[in-house]
Amino acid sequence: FTRRLLIGAAAAAAITGLTPALAADPVKLRISTPAVEADWHAKMLPVFKQELEKLAPGQFDVEIHLNGTLFKQGTEPAAMQRGNLEMAMISAFDISKQIPEWSIFTAGYLLRDPEHQTKVFDSDIGKEMYGLVEDKMNIKVLSVGYLGTRQLNLRTEKEVKTPADLAGVKLRMPGSDTWLFLGKALGANPLPVAFGEIYTALQTGAIDGQDNPLPTVRAAKFYEVTKQIVLTDHLVDAIFLSMSGSAWKKLDDKQKDAVMSAAKAAVRYNNENRIKEEAELASFFKEQGLKVYKPDVEAFRSHVQKVYLESELSKAWPKGMVERVNAIK
Ligand code: KDO
C-alpha cells in the first residue's frame, strides 16, 4: 500500500512538472524594527516584500514586525546572530558595539548629506566596512537607507544657539554608549530611553527633549508634546537593511540577487520620499505652533568634531578613514 502511494505521489509530481525545489516551503524572512507605521523606513518594507515576490514568486514569506514588538530596539543584531531573526534595519551605533571601527559613522558632522552618505557606502569604504560586519558579526548588510538628518526637538522654550545652551538639558538618546556620547558631544545631559517610550517621556517631562530626523518627529507625533526644533543637522543618519548570515547563506544565487534588488528598491523608495518630505516639514511644524530655527551650526560643528577627534572612540577608526570619507565628493 505504501509503495503504491509513493508511486502515486511520484506520478503526480511528474504530471504537474513540480520539482522538489519548487515545491519547497517559502523561505521565511521576519523583519523586526522599532519604526512606527507612518515612517518611511517602515513604509519601505512592504515595497521590499512586493519587489521580492515579483522577482522570486512564491519563494519568500516576508513578515514585517513594527514598533519593536518582535525584538526590542537594539537587540536585533544579537537576535540575528543567534539565528532567531532573519532581518532588521540596524544602525552604525548597533554595529559599533561589536566593531569599534564602525563608531566613525556615529560621529556628528562627518557625513555631509544623503548623497554623500550613499556615495560613501557605495564606494570601497562601504565594501570594507560591510566586510567587517560580515566577518565579525555574521550579518550581511544588504543596503544603506537614509534615516534622515537628526535635529534637536525640545519641550523647553529657551533658545539654543550653541552647545553651551544645552548645559543641563535632559536629552533623550537611544540606550547605548555611542548614542549617549553623541548627546554629550552636543553639550547636553543625555538620558537613555527606548524609542517607543519617547512620547510619554516628553509628555510627562521626564526628559527635556529628543533628537531625530524631521520625518520621524512627524511620524511619531513628537511635535504634539514639544515646543521647538533646533536645526543643528548634527548627524546624517543611516539604517542598514540587513540579514542574518545564516539565513543569507541558505539562499541560492538567484535568491540572493532577488533579495539584493528588492532591498535596493525599498531603500530607493525610502530615500526619495524621505528627502522630499524632509525639505517640506519645517513649515508643517511651524503651523503646529513650534518654533523652528537654525542655531549657530558652525559652533556645534566645531565643538562636536573636536570632541570626537579627541575621544577614545576615534582611536579605533580605521587609519585614514576620515580623510577618505571627506574626499568623497
Ligand atoms: C531613535 O531611537 O531615536 C532612532 O532614530 C535610532 C535609529 O537607529 C532607529 O533605531 C530608529 O530610532 C527607529 O527605527 C525608529 O524610527
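In case you missed it, the structure is sitting above this.
Report follows, based on the coordinates. All chains use their own residue numbering, which begins from 1 and follows the written sequence. Residue-level local features of this predicted model are given only where pLDDT is at least 70; pairs of side-chain atoms are given and counted only at 80 or more, and the full residue set underlies all totals for whole chains, interfaces and linings. Excluded from the side-chain calculations are hydrogens and water; all other atoms, namely the structure's heavy atoms, are used.

For the rest of this paragraph, the subject is the pattern of salt bridges. A pairing counts as a salt bridge when a side-chain nitrogen of Lys or Arg comes within 4 Å of a carboxyl oxygen of Asp or Glu. In the structure shown here, the tally under the stated rule is 20 salt bridges. Here E310 makes a salt bridge to K306, at a shortest N to O gap of 3.5 Å. Throughout, exposure labels follow a simple rule: accessible area from a 1.4 Å probe, protein chains only, divided by the maximum for the residue type, with under 20% read as buried, over 50% as exposed, and the rest as partly exposed. Residue classification places E310 among the exposed positions, given a relative accessible area of 58%. We note a salt bridge from E312 to K315, for which the minimum N-O separation is 2.7 Å. According to the relative accessible area criterion, E312 is exposed, its value standing at 61%.

Given 3.6 residues to a turn, an α-helix orients residues that are three or four positions apart in the same direction. When we look at burial in helix α8 (residues 177–185), the residues that qualify are T178, W179, L182, G183 and A185. Each buried residue of α8 lies within a common arc of 165 degrees when the element is viewed along its axis, so the set occupies one face. Those residues of α8 that are exposed and aimed more than 90 degrees away from the buried face are D177 and K184. In what follows, a contact means two residues having at least one pair of non-hydrogen atoms within 4.5 Å. Helix and strand definitions follow DSSP, with helices as H or I runs of at least four residues and strands as E runs of at least two, each counted in order from the N terminus. Looking at the buried side of α8, the elements it contacts are α5 (92–96), β4 (139–154), β5 (170–173), β6 (189–192), β8 (228–244) and α13 (297–309). Looking one or two places after α8, you find G187, whose phi comes out positive at around 105 degrees. Here the arc refers to the set of directions running from the helix axis out to each C-beta atom.

Once that is clear, we can look at the packing of aromatic side chains. Pairing of aromatic rings covers Phe, Tyr and Trp, the last counted by its six-membered ring, and requires centre-to-centre distances within 6.5 Å; plane angles under 30 degrees mean stacked, over 60 mean edge-to-face, and any other angle means tilted. In total, this model carries 14 aromatic pairs according to the counting rule given. Here W40 and Y269 contribute two aromatic rings whose centre-to-centre distance is 6.0 Å and whose plane-to-plane angle is 70 degrees, an arrangement assigned as edge-to-face. In this pair, W40 is assigned in helix α3 (residues 40–55) and Y269 in helix α12 (residues 253–287), connecting sequence segments 229 residues apart. Accessibility expressed as a relative area gives 13% for W40, which makes it buried. Taken together, a centroid distance of 5.9 Å and an interplanar angle of 5 degrees make the contact between F121 and Y130 stacked. With relative accessibility at 3%, the residue F121 sits in the buried group. Overall, the relative accessible area of 14% leaves Y130 in the buried class.

What follows deals with the site of the ligand. Neighbouring the ligand are 13 residues; H41, Q73, R150, R172 and N212 lie closest to it. Any pair of nitrogen or oxygen atoms within 3.5 Å is treated as a polar contact; in protein, a donor-acceptor pairing is required on top of that, and neighbouring residues in sequence qualify only through side-chain atoms on both sides. Residue R172 places a side-chain N or O atom 2.7 Å away from an oxygen atom belonging to the ligand. N212 is positioned such that a nitrogen or oxygen atom in its side chain is 2.7 Å from an oxygen atom of the ligand. Areas reported here follow the Shrake-Rupley algorithm with a probe of radius 1.4 Å; residue values treat only the protein chains shown as occluding. In isolation the ligand offers 370 Å² of accessible surface; the protein chains occlude 95% of this area. In this classification, Asp, Glu, Lys and Arg are treated as charged, Ala, Val, Leu, Ile, Met, Phe, Trp, Tyr, Cys and Pro as nonpolar, and every other residue, Gly included, as polar. Its residues assigned to classes, the shell around the ligand comprises six nonpolar, five polar and two charged. When at least one non-hydrogen atom of a residue lies within 4 Å of a molecule or strand, that residue is treated as near it.

It is worth spelling out the packing of helix α6 (residues 114–122) against helix α7 (residues 124–137) at this point. A packed helix pair is summarised by two numbers, namely the angle formed by the two axes and the spacing between the axes. Contact pair α6 / α7: the axes reach a minimum separation of 4 Å and the direction vectors enclose 65 degrees. Of the possible angle classes, the one that applies to α6 and α7 is roughly perpendicular. Of α7, the residues touching α6 (which contributes V120, F121 and D122) are D124, I125, G126 and Y130. Only the contacting stretch of a helix is used when fitting its axis, a line to C-alpha atoms as for every element, and angles between N-to-C directions run 0 to 180 degrees. Put simply, angles under 35 degrees are roughly parallel, angles over 145 are roughly antiparallel, angles from 65 to 115 are roughly perpendicular, and the rest are oblique.

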